[in-house]
Amino acid sequence: MYELIIIGAGLAGMTAAVYAARKKLNTLLISYDVGGQVLTTAGIENYMGYQFIEGSELMHKFEEQVKQFSLDMRTGQGVSSLSQIDGGFEVSTEKGETYQAKAVIFATGKRPRQLNILGEKKLLGRGVTYCAICDGPLFAGEKVAVIGGGNSALEAADDMIKIAEHVYLVSLTPLTGDQILIDKVTNASNLSIFLEHQVLEIKGEDRVEGIKIRDLKSKQEREFNIGGVFIEIGLIPNSEVIKEVVTLNRLREVEVNCANETGVLGLFAAGDVTNVPEKQVVVAAGEGAKAALQAHRYLQRLK
Ligand SMILES: Cc1cc2nc3c(=O)[nH]c(=O)nc-3n(C[C@H](O)[C@H](O)[C@H](O)COP(=O)(O)OP(=O)(O)OC[C@H]3O[C@@H](n4cnc5c(N)ncnc54)[C@H](O)[C@@H]3O)c2cc1C
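So, here's what we can say about the structure. In this text the structure is predicted, and so the values were computed from the model without any measurement.

## Things to note about the side chain of Ser171
Relative to the assigned elements, Ser171 resides in strand 10 (residues 166-171). Within the structure, Ser171 has its side chain in polar contact with the backbone oxygen of Thr173 (distance 2.6 Å). Sequence-distant contacts of Ser171, defined by excluding residues within four places in its chain, comprise Gly148, Gly149, Phe194, Leu195, Glu196 and His197.

Right, here's the structure in full:
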């Protein structure tokens, strides 16, 4: 039995791993990928110590730091179940592996929200994408749509107006992102903005060919020929695995107190998957550190 299992190798999970290793806890880190959401960002300007660093480079540095220490890592597989057992917890992975530990830190972060409309699933990876930063260059010279009205959508629109022939920005609400981003994109000559419009369907057989939208007020429907759709409508917590053990809040986040305790003894949570406000790199890393220190205290008390 491990002393600690950390689920998720984003900023929160990897920081927790370093803190746990420095406390000499017998630790297992399990994750789909190493890096999490930061891998999808072009660059970070607000992680102290770096005036600017590419997302992938920052996570590479985190990984190197984790690997300096002695701890077990299983990546490339997700945790599919988490349950309480006598003396701790049991975790099973999608590959059928089972591990036990006296304490767990749950740090599974968030994933992109889907529109759940016709054509979205079918054309995923064939013109439908949730990451403009990752996939934007594939659509250079094409007409594309960006769906959403918050910061992610505005950042995607800002990236795409520089390389696409034309960008349609479609938002269900008025623009809600930062004014600085709104000012940056709204005067672009190759951008058309449709506010208070709903996306009804993404059209195409083998690839995205068009999009159908409806004006919420006039009910008028329109279609555009496009080659790509960037869906940037926010993120949802990866909390499905833990919901049998703890109660989630209405946003499906894991509720924690300031000591990262979930209410179940020995089960801690950290980072974007929790109710802690301000989902940011520096916050997730700090929360991961706190969770590991609290897990260590808890394990000490068991001795
Ligand atoms: C496009 C974009 C740009 C951003 N830009 C900035 C910025 O400039 N500055 C800033 O401060 N913040 C920024 N953020 C926010 C920042 O990236 C997040 O706050 C931070 O990455 C959260 O870290 P985390 O470790 O909590 O979660 P994540 O980064 O989401 O990591 C979660 C980890 O858990 C793993 N995982 C998920 N489910 C399972 C499972 N069932 N089993 C095993 N492993 C699992 C994932 O593979 C991943 O490794 C940005 C976010 C996005 C999406």
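After that view, the rundown keeps rolling.
## Some remarks on the site of the ligand
Taken together, 29 residues are adjacent to the ligand, and Asp33, Gln37, Val79, Asp272 and Val281 come closest. Interatomic distance of 2.9 Å between a backbone N/O atom of Ala12 and an oxygen atom of the ligand. A distance of 2.9 Å separates an oxygen atom of the ligand from a polar backbone atom of Val281. In the complex, the protein chains occlude 88% of the 1,000 Å² of accessible area that the ligand would expose alone. Only strand 1 (2-9), helix 1 (11-22), strand 2 (27-34) and helix 6 (281-302) provide two or more residues apiece to the shell around the ligand. Top element by residues in the shell around the ligand is strand 2. It accounts for 4 residues. Residues of the shell around the ligand, tallied by class, amount to 12 nonpolar, 13 polar and 4 charged.

## Some points on helix 6
Spanning 22 residues, helix 6 covers 32 Å between terminal C-alpha atoms, matching the ideal 32 Å at 1.5 Å per step. All buried positions along helix 6 are accounted for by Val281, Ala284, Ala285, Glu287, Gly288, Ala289, Ala291, Ala292, Ala295, His296, Tyr298 and Leu299. On its buried face, helix 6 is in contact with strand 1, helix 1, helix 2 (55-67), strand 6 (98-106) and strand 17 (267-269).

## Digging into the packing of helix 1 against helix 6
Contact geometry for helix 1 and helix 6: axes closest at 7 Å, N-to-C directions at 40°. The hand of the helix 1/helix 6 crossing is right-handed. In this structure, helix 1 contributes Leu11, Ala12, Thr15, Ala16, Tyr19 and Ala20 to the contact, and helix 6 contributes Val281, Ala284, Ala285, Gly288, Ala289, Ala292 and Leu293. When its residues are assigned to classes, the contact of helix 1 with helix 6 shows 11 nonpolar, 2 polar and no charged.

## Side note on the pattern of salt bridges
What the rule picks out here adds up to 15 salt bridges. Salt bridges sharing common partners tie together Lys110, Glu253 and Lys279.

## Quick notes on unusual backbone geometry
Non-glycine residue Asn116 carries a positive phi angle of around 60°. Mapped onto the fold, Asn116 is located in the loop between strand 7 (110-112) and strand 8 (128-129). Overall, Asn116 belongs to the exposed group, its relative accessible area being 61%. Despite not being glycine, Glu196 shows a phi value in the positive range, around 50°. Considering the arrangement of structural elements, one finds Glu196 in the loop between strand 11 (191-195) and strand 12 (197-203). By relative accessible area, Glu196 is classed as partly exposed at 25%.

## Side note on the pairing of strand 5 (residues 88-93)
Burial within strand 5 is extensive, with 5 of its 6 residues counted as buried. Bridging between strand 4 (residues 79-85) and strand 5 involves 6 bridges; their strand directions are antiparallel. Counted as the bridge partner of Leu82 is Val91 from strand 5. Hairpin connection from strand 4 to strand 5: 2 residues lie between these consecutive antiparallel strands, with Gly87 at a positive phi of about 85°. Across 4 bridges, strand 5 lies against strand 6 in antiparallel orientation. Opposite Phe89, over in strand 6, you have Ala101 as the bridge partner. Turn length for the strand 5-strand 6 hairpin, with the two strands adjacent in sequence and antiparallel, is 4 residues, and the turn residue Gly96 shows positive phi of about 85°.

Thresholds applied
Residues numbered from 1 in each chain as written. Predicted model: local features only at pLDDT ≥ 70, side-chain atom pairs only at ≥ 80, totals over all residues. Heavy atoms only, no water. Helix = DSSP H or I, 4+ residues; strand = E, 2+ residues; numbered from the N terminus. Polar contact = N/O pair within 3.5 Å; in protein donor to acceptor, adjacent residues only side chain to side chain. Contact = heavy atoms within 4.5 Å. Near = heavy atom within 4 Å. Areas by Shrake-Rupley, 256 points an atom, 1.4 Å probe, with all protein chains shown as cover. Nonpolar A, V, L, I, M, F, W, Y, C, P; charged D, E, K, R; others polar. Expected span 1.5 Å × (residues − 1). Buried < 20%, exposed > 50% of the residue type's maximum accessible area, 1.4 Å probe, protein only. Axes fitted to C-alpha atoms, helices over the stretch in contact; angles between N-to-C directions. Left-handed = near helix turned anticlockwise from the far one by under 90°. Salt bridge = Lys/Arg side-chain N within 4 Å of Asp/Glu carboxyl O. Pairing = 2+ DSSP bridges.

That is the geometry; function is a separate question.
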